[in-house]
Amino acid sequence: MLGSEAGTRHMAERGKLEPSDAVHPLVIKAGRLSSERSYEFCAKYGVDYPGEATPEQQDEYEAGMDAIHSRIREEYAAEKTEAEQDD
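Just so you know, these numbers come straight off a predicted model, no measurement behind them.

All told, the structure shown has 2 aromatic pairs when counted by the stated rule. Taking 4.9 Å as the distance between ring centres and 55° as the angle between the ring planes, the aromatic pair formed by Phe 41 and Tyr 45 counts as tilted. Of this pair, Phe 41 and Tyr 45 both sit in helix H2 (residues 25-45), 4 residues apart, roughly one helical turn. On the accessibility criterion, Tyr 45 (25% relative accessible area) is partly exposed. Between Phe 41 and Tyr 61, the aromatic rings sit 5.0 Å apart at their centres with planes inclined by 55°, giving tilted as the arrangement. Remark: Tyr 61 occurs in helix H3 (residues 55-86) and Phe 41 occurs in helix H2; sequence separation between them is 20 residues. One exposure class covers both Phe 41 and Tyr 61, and it is buried. Among the aromatic side chains, those forming a connected cluster through ring pairs are Phe 41, Tyr 45 and Tyr 61.

Below, the structure is given as structure tokens:
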């Protein structure tokens, strides 16, 4: 489909959910942990968003997020190593 035909089809299907690719469980876990970290941080310091905290508090937030991402990378590497050994 080209031009306005594609746009018309898109408009006709608005709101319709399309099946998507499977999401790796570690992506879901990283999102959940990041969200929890943000919520807990904001509650602790009484801010709506981490960017509203003091620079020192933001450094603490970033360190926590770095730890989460490091943990997810380690879990992915272990999972990948295990999968390679199974092959």
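Anyway, onward from the coordinates.
This part covers the confidence of the model for the chain. Predicted confidence across the chain gives a mean pLDDT of 86, with 80% of residues reaching 70 or more. Predicted confidence in the chain is weakest over helix H1 (residues 3-12), with a mean pLDDT of 49, and strongest over H2, with 96. Predicted confidence is poor over residues 4-11, with pLDDT under 50, and the contacts of this stretch with residues over four places away or in other chains come to 2 contacts.

Together, Val 23, Val 27 and Ile 28 line one region of the surface with nonpolar side chains, adding up to about 280 Å² of accessible area. Mapped onto the secondary structure, Ile 28 falls in helix H2.

Procedures and definitions
- Residues numbered from 1 in each chain as written.
- Predicted model: local features only at pLDDT ≥ 70, side-chain atom pairs only at ≥ 80, totals over all residues.
- Heavy atoms only, no water.
- Phe/Tyr/Trp six-rings, centres within 6.5 Å; stacked < 30°, edge-to-face > 60°.
- Helix = DSSP H or I, 4+ residues; strand = E, 2+ residues; numbered from the N terminus.
- Buried < 20%, exposed > 50% of the residue type's maximum accessible area, 1.4 Å probe, protein only.
- pLDDT = per-residue confidence, 0-100.
- Contact = heavy atoms within 4.5 Å.
- Patch = residues over 30% accessible without salt bridge, like charges linked within 9 Å, V, L, I, M, F, W, Y side chains within 5 Å.
- Areas by Shrake-Rupley, 256 points an atom, 1.4 Å probe, with all protein chains shown as cover.
- Salt bridge = Lys/Arg side-chain N within 4 Å of Asp/Glu carboxyl O.

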